[in-house]
Amino acid sequence: MSENKILSDLEIAQNAAMRPIEEIAEHAGINVDALELYGRFKAKIDPAKLRLPDAKRAGKVVLVSAMSPTPAGEGKSTTTVGLADSLARAGHRVMIALREPSLGPILGMKGGATGGGYSQVLPMDQINLHFTGDFHAITSANNALMALVDNHIFQGNELNIDPRRMTFKRVLDMNDRSLREIIIGLGGPAQGVPRQDGFDITVASEIMAVFCLATDLDDLRERLGRITFGYSYDRQPVTVADLGVQGALTMLLKDAIKPNLVQTIAGTPALVHGGPFANIAHGCNSLIATRTAQQLADIVVTEAGFGADLGAEKYMDIKSRIADVAPSAVVVVATIRALKMQGGVPKELLKEPNVEALAAGVENLKRHVHNVEKFGVTPVVAINKFATDTREELEWLLAWCAQEGVQAAVADVWVAAEGATAVTSSRRRSPRRWRQQRRRTSGTCTPLACPLRTRSARSCRKSMVPTVWSFPSLRSGASRTSGETAGAECPFAWQRRSIHSLTTRPSWAPPRVSRCTSAS
């Protein structure tokens with residue numbers, strides 16, 4: 001084999017020397033009785049059995065998002081793993097929280113979701129295929145519900161369910177278009193009541209979304225009970241609780257709800273758990289995994305699906321409303337390739353240098369940075385470097401970020417062995433004075449303290465100096481730069497000590513909002 005041959009992700013993963021999962025758990029501070037082994041390199045954690053010091057503060061969260069996805073790829077997972085490995089090498093106590101990959105995209109065009117190059121979570125092949133069976137459990141719970149619904153209709157339909165108004169489908173963790181729309185119950189009276197049905201992919205199930213938002217097993221049971229699966233003949237919603245089967249569904253998920261512990265190539269502990277799509281749900285890993293990581297680490301690096309206008313906003317709007325997991329820093333991943341594609345270059349020509357297309361496509365990145373700033377956080381742009389990127393293109397993008405007042409770094413995490421080079425140790429270029437503390441702009445945002453059903457009908461005018469975060473400020477006790485406007489007149493959720501009245505960490509203090517007005 002040539003010394004210059006570039007190894008594939010699979011070859012790198014196969015050549016990596018993994019440590020026994022017990023060692024990873026011990027390094028993360030996980031006691032043995034909270035560990036449930038799934039072979040030598042995987043384990044589940046029972047959060048109820050964790051023994052932690054009473055004085056342990058919840059770790060700070062770094063959220064990794066990206067510009068608009070393109071077929072060229074952006075590398076959120078790769079950047080997430082590389083960043084965490086670099087923070088760990090810098091001496092921080094770090095843990096990763098990622099979603100589990102779906103078998104459908106793995107066998108399709110998208111491929112796996114465990115990172116790439118030397119920034120991967122291991123065992124890569126097992127995580128991508130079946131893993132610890134969580135998705136199979138969710139598939140079983142979803143299909144058990146629909147089997148029970150159809151049996152209820154067959155047995156006399158006491159709830160008066162209208163088979164024409166079902167809003168829930170069966171699921172399968174596979175891309176199988178022939179099952180999207182089907183007819184069930186054919187074959188005579190003994191085979192059930194004929195009706196139109198279909199299959200979604202498992203990660204599109206509402207049970208997956210509920211599973212990832214639950215705070216514990218009891219909360220999961222309550223959330224499952226509130227699921228509406230259809231309507232009655234008089235057009236009233238019918239829920240799982242009406243059917244009385246939420247306990248049975250919870251039993252099918254009692255083991256799956258425990259977070260999965262694995263490791264990166266560099267040995268950084270990682271929790272890979274849950275995986276709803278961001279286009280139809282909130283697109284984040286399970287809340288239980290994120291909170292468990294916060295208990296164990298000082299810094300938790302996590303990820304939200306799709307771009308910052310989708311996954312990151314849903315993280316803020318949904319996941320951060322449930323518990324104290326608001327991000328202390330946000331990373332927006334961009335690539336030269338994706339920016340050129342946004343500028344009109346076809347995929348087959350992305351290897352060619354093209355600063356003009358880069359300049360045209362950078363408007364997409366600018367918009368995503370602005371989206372994050374609406375939540376009071378000035379993001380860091382991570383330029384995920386590819387081998388085809390030229391020095392001229394990288395320099396141009398760094399200069400643009402500096403001119404816009406955006407802190408940026410070239411993240412060379414794919415080829416850096418053991419995460420030796422990442423955002424925290426790569427070349428950085430910052431503006432001289434952050435352009436008067438990141439341009440005192442007036443914008444429009446929606447307050448999370450307002451009820452979700454009325455948020456679209458409200459606007460909240462803000463004039464602020466956003467909080468400026470840098471990775472050194474994540475260290476416990478370190479200071480940060482922030483600015484606030486005085487005289488807040490509405491209970492904006494990103495105010496100090498409040499994310500919809502649930503956040504209690506005093507170190508989280510983005511800008512307040514000056515006033516809140518209702519739209520006509």
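Residues numbered from 1 in each chain as written. Predicted model: local features only at pLDDT ≥ 70, side-chain atom pairs only at ≥ 80, totals over all residues. Heavy atoms only, no water.

**Structural notes on helix α12 (residues 308–322)**
Helix length check: α12, at 15 residues, gives a terminal C-alpha distance of 19 Å against a target of 21 Å (1.5 Å per residue), a fit within 8%. Approximately 30° is the largest bend angle found in α12, and it occurs at Tyr 315. By the burial criterion, the buried members of α12 are Ala 308, Gly 311, Ala 312, Lys 314, Tyr 315, Met 316, Asp 317, Lys 319, Ser 320 and Arg 321. (Helix = DSSP H or I, 4+ residues; strand = E, 2+ residues; numbered from the N terminus. Expected span 1.5 Å × (residues − 1). Bend = angle between axes of the 7 residues up to and from the residue. Buried < 20%, exposed > 50% of the residue type's maximum accessible area, 1.4 Å probe, protein only.)

**Some thoughts on the sheet that holds strand β7 (residues 161–166)**
Pairing within the open sheet is antiparallel, and its three strands lie in the order β7-β12-β13. The outermost strands of the open sheet, each flanked by one partner alone, are β7 and β13 (237–239). Neighbour to neighbour, the strand axes of the sheet diverge by 55° on average, direction disregarded. In the sheet, β7 pairs with strand β12 (residues 228–232) via two bridges, with the strands oriented antiparallel. Bridging from a neighbouring strand, Ile 161 pairs with Ser 232 of β12. Across the sheet, helix α6 (residues 134–154) touches β7 and β12, and the angle it forms with β7 is around 130°. (Pairing = 2+ DSSP bridges. Axes fitted to C-alpha atoms, helices over the stretch in contact; angles between N-to-C directions. Contact = heavy atoms within 4.5 Å.)

**Observations concerning the pairing of strand β6 (residues 119–122)**
Where burial is concerned, the two faces of β6 agree: the one with Ser 119 and Val 121 and the one with Gln 120 and Leu 122 are both buried. As paired strands, strand β5 (residues 115–116) and β6 are joined by two bridges and run antiparallel to one another. Along β6, the bridge assignment pairs Gly 116 with Ser 119. Adjacent in sequence and paired antiparallel, β5 and β6 are bridged by two residues, among which Gly 117 carries a positive phi angle near 60°. Here β6 runs beside strand β14 (residues 260–264); their pairing, made up of two bridges, is antiparallel. Within β14, the position partnered with Leu 122 by the bridge is Gln 263.

**Focus on the nonpolar core**
Counting residues in hydrophobic clusters, the biggest one holds 54 residues, and the most contacted among them are Ile 30, Leu 261, Leu 365, Val 381 and Leu 397. Beyond its immediate stretch of four places on either side in the chain, Leu 397 contacts Ile 336, Leu 339, Val 362, Leu 365 and Ile 383. Membership of the second largest hydrophobic core comes to 32 residues, among which are Val 203, Ile 207, Leu 224 and Val 240. (Core = buried A, V, L, I, M, F, W, Y, C linked by side-chain atoms within 4.5 Å.)

**Topic: the pattern of salt bridges**
Scanning the model with the defined rule gives 17 salt bridges in all. Note that Arg 165 is salt-bridged to Asp 162, the shortest N-O span being 3.3 Å. Owing to a relative accessible area of 0%, Asp 162 belongs among the buried residues under this scheme. Residue Arg 391 pairs with Glu 395 through a salt bridge whose shortest N-O separation is 4.0 Å. Taken together, the residues Arg 391 and Glu 395, both in helix α15 (residues 391–404) and four residues apart, mark about one turn of the helix. Arg 391 sits in the exposed class, given a relative accessible area of 64%. (Salt bridge = Lys/Arg side-chain N within 4 Å of Asp/Glu carboxyl O.)

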